[in-house]
Every structure is written in structure tokens, then in C-alpha cells.
Amino acid sequence: MIDPDRVLVPTLGRPQEDEALAYALETFPEADVTLLAVVTPLDAPLSEGGVLERSDERTEAARDRAARLRASVDDAAIDRVRIETVEGRPGTVVPQYASEEDVDHVVMSGHDASSMGFVRRFLGRSVATTVIDRTPRPVTVLE
């Protein structure tokens, strides 16, 4: 596999997203990394962290979450990491963003601590599975 130039790390308010970012930076040391702060729409079963809040508050929280992740990166790599924010269902907006922005690789946390995460896994359909199925690029899921 050729090393990617552009790596996408979606942030959905899940545990281990810091590990996904660290993995992306270590595994692809020359790639530019985009933290994609995904804001789940109010009509979704659950928003970030299982709590429905006003859209502007959730957008701010998603950006803050991504900014904290970016701030955790060491100084040598911080210039390689940028933040983008999108609203939508993760299984739709992550593949769409990856295609439209010509991302070479997606790295994400597969762990979903919400109660709906358990139901999705039990029924055999997680956000990670949906992203894998819909993204035309390689996807690495960290459990």
C-alpha cells in the first residue's frame, strides 16, 4: 500500500478517538490529518453522548472535542492536523466527506459507549460498519 497523503479521523464523541488520532499520526507520518467533527442531527435517535441539545450547542461541543484532540498532539505533528465540522448521520457524512475531499484513508474508533451503540452492535450494524461499507477508501477501525 502506498502511504496516504490525506487521512480522515472522524470524531463522534466516542472513547478512544485520541487513540485513533495517535494511530493516524504514527502510522502515516507524512500525511495531513483532518479531524472531522461530526454533529448528529436532532432527528437522529441519539446525538453525541446520548443527549439531545440545541444544534448550535452541539456544533460548538463537537468543535471543542476536536480542538482538544488536536491540542493533545505533540508540537512536531500539530501543523499536520486540521479540523472540519459537518452535520449529519456519521454513516453518511463520513463516506461523503472522504469522497468529496479525496481522502486516502479513514481511521476511526469503533467503540460506541452509548446505549444505542449496544443495540447497533447487537443488531449487527454499527457506525463503523456503515462507514466501511460506504467509503471507497481503506478504513481502519480501532476497537
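Anyway, here's the lowdown on the structure attached to this text. All of these numbers come straight from a predicted model, not from anything done at the bench. (Residues numbered from 1 in each chain as written. Predicted model: local features only at pLDDT ≥ 70, side-chain atom pairs only at ≥ 80, totals over all residues. Heavy atoms only, no water.)

1. Topic: the side chain of T135
1) Next: Within the secondary structure, T135 sits in the loop between α5 (127–134) and β5 (139–142).
2) Next: T135 gets classed as buried once you look at its relative accessible area, which sits at 8%.
3) Next: Side-chain polar atoms of T135 contact the backbone oxygen of V131, separated by 2.6 Å.
4) Next: Residues within four places of T135 in sequence aside, it is in contact with P95, A98 and V106. (Helix = DSSP H or I, 4+ residues; strand = E, 2+ residues; numbered from the N terminus. Buried < 20%, exposed > 50% of the residue type's maximum accessible area, 1.4 Å probe, protein only. Polar contact = N/O pair within 3.5 Å; in protein donor to acceptor, adjacent residues only side chain to side chain. Contact = heavy atoms within 4.5 Å.)

2. Section: the nonpolar core
1) Next: In this structure, V7, V9, L21, V33, L35 and V107 are the most contacted members of the largest nonpolar core, which totals 22 residues.
2) Next: One finds L8, L12, A128 and V131 within the second-largest nonpolar core, a separate group that totals 14 residues. (Core = buried A, V, L, I, M, F, W, Y, C linked by side-chain atoms within 4.5 Å.)

3. Considerations on the sheet that holds strand β3 (residues 81–87)
Two orientations exist for strands paired in a sheet by backbone hydrogen bonds: parallel and antiparallel.
1) Next: Strands sit in the order β3-β2-β1-β4-β5 across an open sheet of five strands; the sheet is parallel. Edge positions in the open sheet fall to β3 and β5, since each of these has one partner strand only. Ignoring which end each strand starts from, the neighbouring axes of this sheet average 25 degrees apart.
2) Next: With six bridges connecting them, strand β1 (residues 6–11) and strand β2 (residues 32–39) associate as parallel partners. Bridge pairing in β2 links V9 to L35.
3) Next: Packing against the sheet, α5 makes contact with β4 (105–109) and β5, and its axis sits at approximately 170 degrees to β5. (Pairing = 2+ DSSP bridges. Axes fitted to C-alpha atoms, helices over the stretch in contact; angles between N-to-C directions.)

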